[in-house]
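Now for the letters of each chain:
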Amino acid sequence: MSEPYDLQRVYAERAGKPFEFTWADRVWTLPNLLMLDIEVQDRIENLDPGSSTVETFNSLFDDIMGAEQGAEWRQQVRPLPMLMDLLAAWTEHSGAQLGEAPASDDSSKSTGRPSKRTSKGSTASASRKPSRAPRKAATPRVSSSSASVA
């Protein structure tokens with residue numbers, strides 16, 4: 001009998017190493033973002049610092065760090081700008097791009113055919129059409145030195 005496909009091992013190798021950082025004279029560890037449950041990833045992606053409560057952040061970091069480390073993390077001073085910097089560095093380390101699905105492409109593909117015209121007639125311009133009348137001959141200018149005063 002063959003062994004079952006070890007998805008956990010394969011995905012752990014793909015996702016990479018945990019993220020370690022120092023704060024309050026201690027080393028803290030976050031798992032690679034790509035290893036988190038889809039619901040936690042969704043909460044991180046939809047995190048709005050302007051409208052989130054302290055409990056929102058505490059709950060999120062409890063889920064990310066685990067109960068023991070999360071409880072110790074709550075005892076520290078955690079300025080919001082530092083938390084946002086931490087999340088950005090962690091996301092970059094994890095190779096994740098929040099806001100974009102991992103399989104999405106940077107740009108849309110060409111359909112390979114030109115667009116269809118949207119109307120059969122031509123659209124008239126609202127600007128005045130040039131006059132077809134013949135131009136008048138210009139009157140020669142008179143220089144001030146040759147002009148006579150009467």
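It should be emphasised that the depicted structure is a prediction, and the values quoted were computed from it without experimental measurement. (Residues numbered from 1 in each chain as written. Predicted model: local features only at pLDDT ≥ 70, side-chain atom pairs only at ≥ 80, totals over all residues. Heavy atoms only, no water.)

Enquirer: For this particular structure, what's the right way to read the overall build of the protein?
Expert: Check the secondary structure of the protein and you find five helices and two strands. Along the chain direction, N to C, the helices and strands of the protein fall in the order α-β-β-α-α-α-α. (Helix = DSSP H or I, 4+ residues; strand = E, 2+ residues; numbered from the N terminus.)

Enquirer: Mind showing me how you'd approach the side chain of Asn32 here?
Expert: Note that Asn32 resides in the loop between β2 (26-30) and α2 (38-45). Here Ala15 takes part through its backbone oxygen, which lies 2.4 Å from a polar atom of the side chain of Asn32. One polar contact links the side chain of Asn32 to the main-chain amide nitrogen of Leu34, over a distance of 2.9 Å. In this structure Asn32 touches Ala15, Gly16, Lys17, Pro18, Trp90 and Ser94, once residues within four positions along its chain are discounted. (Polar contact = N/O pair within 3.5 Å; in protein donor to acceptor, adjacent residues only side chain to side chain. Contact = heavy atoms within 4.5 Å.)

Enquirer: Help me understand the packing of aromatic side chains, please; the structure alone is not making it clear to me.
Expert: How two aromatic rings sit relative to each other is set out by the distance from centre to centre and by the angle between their planes. Applying the stated criterion across every chain, the model contains four aromatic pairs. A ring pair is formed by Trp28 and Trp73, whose centres lie 5.0 Å apart and whose planes are at 80°; its orientation type is edge-to-face. One end of the pair, Trp28, is in strand β2; the other, Trp73, is in helix α4 (residues 67-74), with 45 residues separating them in the sequence. You can call Trp73 buried: its relative accessible area is 1%. One residue, Arg26, lies across the ring of Trp28, its end atom 3.9 Å from the ring centre. (Phe/Tyr/Trp six-rings, centres within 6.5 Å; stacked < 30°, edge-to-face > 60°. Buried < 20%, exposed > 50% of the residue type's maximum accessible area, 1.4 Å probe, protein only. Lys NZ or Arg CZ within 6 Å of the ring centre and 35° of its normal.)

Enquirer: Before we go on, may I ask you to explain unusual backbone geometry in this structure?
Expert: Phi angles above zero are rare outside glycine, and Ala24 is one such case at about 55°. The residue Asp25 is not glycine, and still its phi comes out positive at about 60°. You can see Asp25 is positioned in the loop between β1 (19-23) and β2.

Enquirer: Would you mind showing me how to read a negative patch on the surface here?
Expert: There is a patch of like negative charges on the surface, built from Asp37, Glu39, Asp42 and Glu45. Here Asp37 is to be found in the loop between β2 and α2. (Patch = residues over 30% accessible without salt bridge, like charges linked within 9 Å, V, L, I, M, F, W, Y side chains within 5 Å. Areas by Shrake-Rupley, 256 points an atom, 1.4 Å probe, with all protein chains shown as cover. Salt bridge = Lys/Arg side-chain N within 4 Å of Asp/Glu carboxyl O. Lys, Arg positive; Asp, Glu negative; His and termini not counted. Charge placed at Lys NZ, Arg CZ, Asp CG, Glu CD.)

Enquirer: Would you explain the nonpolar core in this entry?
Expert: Nonpolar side chains tend to gather and get buried jointly when the protein is soluble and globular. One finds Phe21, Leu30, Ile44, Phe61, Ile64, Trp73 and Trp90 to be the most contacted residues of the largest nonpolar core, which totals 21 residues. Taken together, the elements giving at least two residues each to this core come down to β1, β2, α2, α3 (54-65) and α5 (80-94). Excluding its chain neighbours within four sequence positions, the residues that come into contact with Phe21 are Arg26, Val27, Trp28, Leu30, Met65, Trp73 and Leu86. (Core = buried A, V, L, I, M, F, W, Y, C linked by side-chain atoms within 4.5 Å.)

Enquirer: Where do I start with the pattern of salt bridges in this structure?
Expert: Two side chains with opposite charge may pair up if their charged atoms get near one another. Under the counting rule described, the total for this entry stands at six salt bridges. Ionic pairing is found between Glu55 and Arg74, a salt bridge with its closest N-O pair at 3.5 Å. On the criterion of sequence distance, the pair formed by Glu55 in helix α3 and Arg74 in helix α4 is long-range, its members being 19 residues apart. We classify Arg74 as partly exposed; its relative accessible area is 29%. The shortest N-O distance in the salt bridge between Asp62 and Arg74 comes to 2.6 Å. Taken together, the positions of Asp62 in helix α3 and Arg74 in helix α4 put the pair 12 residues apart, joining distant regions of the chain. Residues joined by salt bridges that share partners form a network here, namely Asp6, Arg9 and Glu13.

Fair warning: the whole summary comes from geometry, so function is off the table for now.
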